[in-house]
Amino acid sequence: MRERLLQFHGRRGWLILAVAAAALIILVPVLNSLPKSFPLSVPDYLIPLLGKFLCYGIMAIAMDLVWGYTGILSLGHALFFALGGYGMGMYLMRRMAGEGVYRSNLPDFMVFLDWKQLPWYWHGFQHFGFAVAMLLLVPGLLALVFGWFAFRSRIKGVYLSIVTQALTFAAMLLFFQNATGFGGNNGLTDFKHLLGRSLQSPATKMALYIASAVALVLTYLLCRFVVTSKLGRVLTAIRDAELKTRFCGYESTHYKVFVWTLSAMLCALAGALYVPQVGIINPSEMQPSNSIELAIWVAVGGRGTLIGPLLGALLLNGAKSYLTAAFPSAWLYVLGGIFVLVTLFLPRGVLGLLTAARKRKAAPAERPADLERPVATEHGAAPENAVVSP
Amino acid sequence: MLDQGKNLTMIRRYALSSLLLLGASTFGACEKEEAKPAMAPAAPAAPAAPAAPAAAPADDKGPIKVGILHSLSGTMAISETSLKDVALMTIDEINEAGGVLGRKLEPVVVDPASNWPLFAEKARDLIQNQHVAVTFGCWTSVSRKSVLPVFEELNGLLFYPVQYEGEESSWNVFYTGAAPNQQAIPAVEYLMSKKGGNAKRWVLLGTDYVYPRTTNKILRYFLHSKGVADDDIMEKYTPFGHSDYQTIVADVKKFAAGKRTAVVSTINGDSNVPFYKELGNQGIKATDIPVVAFSVGEEELRGVDTKPLVGQLAAWNYFESIDNPTNKAFIDKWMAYVKKNNLPGGDKRVTNDPMEATYIGIHMWAQAVAQAHSTNVDAVRQAVGYQHFKAPSGFDITMDAENHHLHKPVFIGEVKADGQFRVVWKTDGPIKAEAWSPYIPDDKGKIANWLYPWACGNCTEAKYK
Amino acid sequence: MRFAPALTSSRRFATGLLALAALVLVTGGDAGRPAFADTLDDAVNGLASSTGEKISASVKQLATLDDPRAIPALDALCDDRLRAGADGRAWIFDSHTHDLKDPVTGAPAPAGARPAKEVELDNDIRREAQPVLAQLQLASPDKSVRLAAAEELSKAGSDDAAVMLHKAYDKEKDKGVHDALALAVARLDIQSKDPAARLAAVQLIHKSGNDAMLGELQRLLSVGADGQPQEPDAQVRAEAKEALNAVMSRRRTITAVGSVIYGVSLASVLLFAALGLAITFGLLGVINMAHGEMLMLGAYATYAVQTFFQNHLTGAFQYYLAAAVPVAFIVTFAVGVVLERLVIRHLYNRPLETLLATWGISLILIQTVRLIFGAQNVAVANPDWLAGGVELAHGLVLPYNRIGVVVFVVAVSAAVWALLYRTRLGLNVRAITQNRNMAACVGIPTKRLDAWMFGLGSGIAGLGGVALSQLGNVGPELGQAYIIDSFMVVVLGGVGRLAGAIVSALGLGVINKLIEPAAGAVMGKIVVLGFIILFIQRRPQGLFAIKGRSEA
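Residues numbered from 1 in each chain as written. Chains lettered and ligands numbered in written order. Predicted model: local features only at pLDDT ≥ 70, side-chain atom pairs only at ≥ 80, totals over all residues. Heavy atoms only, no water.

(A) Structural view of the overall build of chain C. The secondary structure content of chain C amounts to 21 helices and six strands. Along the first, second and third principal axes, the C-alpha set of chain C runs to 90 × 65 × 40 Å. Counting the 552 residues in chain C, one finds 53% classified as buried. Pairs at least 24 residues apart make up 69% of the contacts formed inside chain C by residues separated by at least 6 positions. Working note: accessible area of chain C is about 23,300 Å², and carbon and sulfur atoms make up 62% of it. When the 50 positive and 47 negative side-chain charges of chain C are each reduced to one mean point, those points stand 13 Å apart. (Helix = DSSP H or I, 4+ residues; strand = E, 2+ residues; numbered from the N terminus. Buried < 20%, exposed > 50% of the residue type's maximum accessible area, 1.4 Å probe, protein only. Contact = heavy atoms within 4.5 Å. Areas by Shrake-Rupley, 256 points an atom, 1.4 Å probe, with all protein chains shown as cover. Lys, Arg positive; Asp, Glu negative; His and termini not counted. Charge placed at Lys NZ, Arg CZ, Asp CG, Glu CD.)

Shown next as structure tokens:
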């Protein structure tokens with residue numbers, strides 16, 4: 001057990017993780033409760049913002065799982081995030097029946113569409129358990145089916161990216177239609193309370209933030225568990241040399257489908273936590289550019305490291321929030337520039353920069369294939385070419 | 001890849017990357033500085049850095065902060081950028097006249113980039129972080145609906161300048177745009193009349209979101225009340241940004257065969273251009289099938305070749321072509337502002353209804369602050385109701401204290417070849433807005449009245465008996 | 001029938017002038033206008049009155065006068081070209097020369113006429129004036145003018161014109177005009193008291209298959225509030241029923257044909273968007289997410305050329321497209337080559353990175369264009385020869401600009417095919433596609449050709465932008481709307497073959513348009529996307545795959 005835990009990362013790694021988790025889960029709430037005049041106090045409006053960033057972090061880690069470790073560049077991953085968000089949104093809408101603008105049992109958008117009753121797929125969402133189950137299962141099922149067919153046909157590389165883009169685009173078009181029954185362009189909004197507590201109260205916001213932080217830590221641990229296991233080894237092998245892995249007897253389709261579905265469900269979880277903090281979910285969350293931005297968070301941070309994408313997500317979203325306020329016209333230049341520069345000059349991302357700086361002496365000669373692989377994992381894990389023990 | 005020494009390459013790369021990023025930011029920042037001299041810097045929102053100590057709210061000295069929440073990029077930038085510009089112009093005008101309560105107004109401009117969740121985030125930032133006294137913003141109903149909970153939670157004040165679908169009246173919002181009975185219903189009545197063509201069949205064509213859906217719902221009930229059967233009503237929706245109207249226009253032609261038909265268009269944004277082009281290409285003339293649009297104004301006509309549109313209609317509460325001294329002064333001020341700040345478009349810039357509504361709203365708010373001797377939201381809210389203002393439309397406009405909507409006159413205009421409108425019909429004076437449409441059965445008896453004893457925006461009986 | 005308002009109005013003016021000349025010759029007229037034209041003069045000046053009622057009264061007066069010299073004035077009134085002079089008289093305004101002319105004689109206006117104000121009229125007045133204008137134009141010697149007039153009268157017109165219509169119908173020799181007049185006559189006769197006249201009218205409608213009278217046919221077959229049929233005569237009823245069926249079935253055919261034609265037009269747009277991508281992806285293995293922005297740059301290049309012509313070469317404005325095409329091509333070609341040299345070159349073995357890098361470039365390009373030209377859409381006007389459309393059948397109008405785009409894309413595709421399959425350059429490019437290393441060994445300058453091919457792909461997208469500017473909006477986000485469609489076409493068509501892109505564009509366009517009338521525009525698109533996703537699972541290499549390649 002201990003050995004297995006040490007496989008995640010060494011003692012120092014665990015220490016850093018514990019400190020970071022404590023900072024997120026304990027320190028920030030404490031700082032928030034300090035009186036406003038304190039220099040280090042965290043103001044109220046930052047809490048939902050931080051929560052949002054943490055949800056993005058979960059999404060980034062999930063994406064790293066499929067891209068950094070398995071080599072599947074999905075440009076439609078935000079679809080699962082959005083579906084999870086819609087699941088939570090449906091629960092919140094059912095819960096506020098009678099309190100909307102129209103004071104009707106139906107959600108407001110159904111009233112202005114002149115619908116008289118709930119569509120069948122809305123039934124059951126007034127129960128929290130059911131809603132949570134559905135918001136994980138539906139994206140998971142979609143990912144399973146899509147992944148099964150896609151990977152079985154050996155679609156990979158740019159073709160897969162384009163097809164995932166088409167998938168999320170088609171879903172977006174579908175959800176934009178009011179007739180589909182999910183609020184159309186407005187989406188689901190105007191939420192009032194969650195599990196009995198008002199969504200406007202600072203306590204609920206704090207609780208949601210803490211939940212996001214906990215979810216992030218758990219996601220990270222889960223993913224670490226996966227990638228340091230045997231399965232993780234096979235994934236890396238599939239990423240680097242799929243044909244050879246298949247010829248060695250590993251059914252790559254199964255592995256890919258597994259990690260694809262897992263990643264989708266993690267994204268859905270992130271979406272479900274995101275929606276109550278942001279207060280609205282609408283089909284533009286499914287647009288292809290969101291998924292492409294997700295890819296760049298992972299690339300900027302450093303693929304195949306789990307920590308890197310998290311850093312990338314936090315960095316880029318923080319920069320976005322700042323720049324769209326301070327220098328609105330500059331933001332797109334910065335973002336576009338980052339895309340270009342990271343792909344050209346920083347194939348290992350920011351984390352790779354830091355690690356390379358530390359390991360400059362030991363770096364091998366640069367061949368294109370090498371740049372696809374991450375450097376030796378942090379925190380002193382076993383080196384890459386260790387034999388996979390049965 | 002490259003064969004030079006690795007260290008040198010890495011250094012070059014870092015240097016290049018940093019330079020490019022620096023350059024991009026500077027370029028963007030420079031653009032921003034030139035175009036918006038009055039913009040105030042916002043506090044950074046980096047997650048891990050500790051926030052600066054919050055400034056004391058409701059400062060009694062120093063400038064009054066005014067939030068401007070309009071999309072400056074994305075699909076809605078086309079419509080909303082002008083509102084930001086005219087808001088800045090109005091603020092300059094007020095400042096030149098001495099400001100409000102002896103203090104200057106300081107605009108805080110943010111860009112929610114046509115992204116609805118970002119609207120809510122920026123609204124929260126404006127109120128809680130920037131401590132603005134009031135916000136002027138939003139265009140689409142989605143953006144308004146997504147910021148509404150924020151304004152209600154934090155007791156902010158929003159002035160919303162765009163025509164919309166009604167069915168709303170919030171304690172924290174003042175609506176300076178038209179409700180359906182101030183735009184849609186008079187337009188349909190005009191088309192039913194002899195002057196408008198005696199239309200017997202109706203095509204309700206819109207973009208697929210809440211404003212067209214709700215407006216068309218109201219119109220359908222209205223048409224029923226006038227004896228029009230469902231068979232004579234065709235309702236179609238297209239998504240935002242839709243550009244291929246061949247089949248839809250052909251369907252309209254078929255539907256119109258043999259009976260006088262009118263089209264009520266709530267198509268929004270970019271889609272109007274291909275729609276009108278297609279109408280022209282398929283030979284539909286305004287005298288055969290008149291099309292009245294609620295979201296096409298002078299600004300939208302700027303990007304369009306107006307030849308095929310001559311004679312088509314629009315319904316608004318203001319047109320740039322209205323001939324009176326107040327409007328002339330307004331237009332002159334605006335063109336001077338455009339010239340002074342080198343706004344893109346130069347002397348091709350126009351004024352339109354939402355711009356006039358923004359202008360009215362900012363002035364009314366300033367008047368209310370002066371009357372209340374305070375920027376406190378509750379005090380100002382009391383004072384905004386009953387404010388008068390001599391508007392560029394030529395009428396004396398009042399803000400209804402009961403439902404928080406403006407009394408507005410209605411104009412129906414025909415498109416001219418030069419992109420302006422010729423007024424062909426107008427009301428005698430401003431009419432009161434009906435926040436809850438009397439035509440919708442579910443709305444029967446609903447009242448929006450924030451005064452005592454009702455004190456509600458959406459109720460059937462008074463709060464205080 | 002052609003919709004070509006600008007040309008017809010000058011013809012009408014010429015006709016009016018001819019009529020006047022004839023009249024003067026016949027009466028041996030003196031220097032001024034003949035005496036009985038004073039009433040005409042009053043009526044014509046009345047058209048520039050300040051109130052709608054007075055204008056309306058003047059229109060009625062002109063109808064009774066039945067004088068073809070009133071044609072230019074009425075035409076100008078409907079077209080917004082009539083002006084009320086400061087001297088109280090009506091003048092026709094020429095927007096090109098800014099001259100004011102007398103509506104009847106064509107003489108230039110004296111200085112006392114300025115400043116001239118616009119006549120305040122609305123659609124109601126136009127609706128009254130147009131049939132009167134048509135009525136007067138029925139006597140025109142020009143066939144197309146008579147045809148337009150007859151069609152106008154078949155839609156609207158007062159019953160007073162019945163006698164005059166019948167007379168014109170009996171006199172008419174030209175078949176096309178005769179048929180149109182028949183409909184106009186039928187429209188009046190269908191209300192007649194005489195069952196024989198009604199029967200004749202319904203038979204006429206049956207023969208023409210024109211759905212303009214659909215409402216009337218349905219009224220004839222309907223049952224009144226008392227349960228009695230509206231049409232007492234059984235024979236007329238039977239004929240009306242048959243006519244109705246004929247009209248409806250003709251409608252269905254036209255809708256189906258129309259869908260196919262619209263599908264081809266949509267396909268031409270898709271093909272333009274995808275052709276360049278097919279080249280870069282097929283021949284170079286590079287996925288260019290900035291491809292949509294090349295379309296956008298081409299459209300903005302057209303806008304810039306148009307503005308230049310508007311400001312400096314006003315006379316040649318109708319030909320600005322001829323200049324826009326090479327300019328757009330050169331600009332986007334250059335941008336493509338620069339892009340390839342700076343960025344893509346370093347990413348050749350890494351298609352996923354290329355995807356991301358080019359996406360970043362697309363963001364930069366969009367923002368640059370936004371800062372230079374503004375976030376607003378810009379207006380690109382169709383030159384006159386592209387405005388309007390040709391009516392293939394009643395109810396089916398094919399706009400000229402769409403025909404132009406189809407012709408253009410066929411020409412460009414042919415040119416590309418010729419380049420690839422008939423030139424040495426093309427031979428080299430195909431060699432690189434098949435086996436890059438061998439081609440390099442044989443002496444083909446692969447790196448240079450890569451840059452040129454990328455430039456060519458971008459250039460074709462630029463030409464696509466020129467086409468798009470004539471069809472719809474031009475704004476900074478123009479490219480974003482087409483990028484997904486381009487990918488779908490290329491992926492479906494199979495990589496490396498031009499034919500694949502063409503066939504898949506055609507197929508997707510037509511399928512989309514066939515589904516649209518039934519399910520709506522959006523569902524059509526979703527179905528098409530779903531179909532592609534499923535198709536790719538079955539056949540990942542696309543429709544036309546180059547033999548011997550397993551995957552990109």
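Moving on from the model shown.
(B) Representation of helix H13 (residues 320–342) of chain C. Residue and element names in this part refer to chain C. With 23 residues, H13 should reach 33 Å at 1.5 Å per residue; the first-to-last C-alpha distance of 33 Å fits that figure. By the burial criterion, the buried members of H13 are Tyr320, Leu321, Ala324, Ala328, Thr332, Gly336, Val337, Leu339 and Glu340. On its buried side, H13 packs onto helix H12 (291–312), helix H14 (351–373) and helix H18 (446–471). (Expected span 1.5 Å × (residues − 1).)

(C) Representation of the environment of Ile94 of chain B within the structure. Residues and elements named next belong to chain B. Relative to the helices and strands, Ile94 resides in helix H2 (residues 77–96). You can call Ile94 buried: its relative accessible area is 7%. Placed eleven residues apart in sequence, Ile94 and Leu105 show a C-alpha to C-alpha distance of 7.8 Å. Dropping the residues within four chain positions of it, Ile94 is found in contact with Gly99, Val100, Leu105, Ile362, His363 and Ala366.

(D) How the structure looks around the state of the cysteines. Evaluation of the coordinates by the stated rule reveals one disulfide over all chains. Covalent S-S linkage joins Cys456 of chain B and Cys459 of chain B, the inter-sulfur distance amounting to 1.6 Å. The exposure class assigned to Cys459 of chain B is buried, which follows from its relative accessible area of 14%. Sulfur of Cys267 of chain A: no disulfide; nearest cysteine sulfur belongs to Cys223 of chain A and is 9.8 Å away. (Disulfide = S-S within 2.5 Å.)

(E) Molecular detail of the side chain of Asn181 of chain B. All names here are of chain B. Relative to the assigned elements, Asn181 resides in the loop between strand E5 (173–175) and helix H5 (184–192). Classification of Asn181 by relative accessible area gives buried; the value is 14%. One polar contact links the side chain of Asn181 to the main-chain carbonyl oxygen of Lys432, over a distance of 2.9 Å. One polar contact links the side chain of Asn181 to the main-chain amide nitrogen of Glu434, over a distance of 2.9 Å. Non-local contacts of Asn181, meaning those with residues more than four positions away in its chain, are made with Pro186, Ile431, Lys432, Ala433 and Glu434. (Polar contact = N/O pair within 3.5 Å; in protein donor to acceptor, adjacent residues only side chain to side chain.)

(F) Fine view of the sheet that holds strand E6 (residues 201–207) of chain B. Residues and elements named next belong to chain B. Taking strand neighbours across the sheet as the criterion, the seven strands line up as E7-E6-E8-E9-E10-E13-E14 in an open arrangement whose pairing is mixed. Bordering the open sheet on either side are strand E7 (233–238) and strand E14 (421–426), each of which pairs with just one other strand. Across this sheet, the average inter-strand angle for adjacent strands is 25°, counted without regard to direction. On top of the sheet, helix H6 (residues 210–225) reaches E6, E7 and strand E8 (261–266); it is set at about 180° to E7, its chief contact. (Pairing = 2+ DSSP bridges. Axes fitted to C-alpha atoms, helices over the stretch in contact; angles between N-to-C directions.)

(G) Focus on the interface of chain B and chain C. Contact with chain B, which involves 54 residues of that partner, is made by 55 residues of chain C. Taken over both partners, the interface formed by chain B and chain C buries close to 4,400 Å², and the fraction arising from carbon and sulfur atoms is 45%. Inspection of the chain B/chain C interface yields eleven salt bridges. Residue Lys513 of chain C is joined to Asp244 of chain B by a salt bridge in which the shortest nitrogen-to-oxygen separation is 3.1 Å. (Buried area = accessible area lost by both parts, 1.4 Å probe. Salt bridge = Lys/Arg side-chain N within 4 Å of Asp/Glu carboxyl O.)

(H) Region of the structure containing the pairing of strand E16 (residues 456–459) of chain B. Residue and element names in this part refer to chain B. When strand E15 (residues 447–449) meets E16, the two strands line up antiparallel, connected through two bridges. Residue pairing for E16: Ile447 is matched across the bridge by Cys459. Joining the antiparallel neighbours E15 and E16 is a turn of six residues, in which Ala455 adopts a positive phi near 50°.

(I) How the structure looks around the sheet that holds strand E2 (residues 90–93) of chain C. Residues and elements named next belong to chain C. The strand order across the open sheet formed by four strands is E3-E2-E1-E4, and the pairing between neighbours is antiparallel. In the strand order of this sheet, the two ends are held by strand E3 (100–101) and strand E4 (117–118), each with one partner. In this structure, strand E1 (residues 82–84) lies alongside E4, joined through two bridges in antiparallel fashion. Its bridge partner lying in E4, Arg83 is registered against Glu118.

(J) View of the packing of aromatic side chains. Enumeration over the complete set of coordinates arrives at 46 aromatic pairs over all chains. A centroid spacing of 5.2 Å and a plane angle of 10° characterise the contact between Tyr164 of chain B and Tyr175 of chain B, whose relative ring orientation is stacked. In this pair, Tyr164 of chain B is assigned in the loop between strand E4 (158–160) and E5 and Tyr175 of chain B in strand E5, connecting sequence segments eleven residues apart. An angle of 85° between the planes, with centres 6.5 Å apart, marks the rings of Tyr300 of chain C and Tyr303 of chain C as edge-to-face. Of this pair, Tyr300 of chain C and Tyr303 of chain C both sit in helix H12, three residues apart, roughly one helical turn. Exposure remark for Tyr300 of chain C: the relative accessible area of 3% places this residue in the buried category. Clustering of aromatic rings is evident, with ring pairs tying together Tyr86, Phe109, Trp120, Tyr121, Trp122, Phe175 and Phe182 of chain A. The lysine or arginine in question, Arg381 of chain B, covers the ring of Trp171 of chain B, its NZ or CZ lying 3.9 Å from the ring centre. Above the plane of the ring of Trp436 of chain B lies Lys446 of chain B, whose end atom (NZ or CZ) is 4.7 Å from the centre. (Phe/Tyr/Trp six-rings, centres within 6.5 Å; stacked < 30°, edge-to-face > 60°. Lys NZ or Arg CZ within 6 Å of the ring centre and 35° of its normal.)

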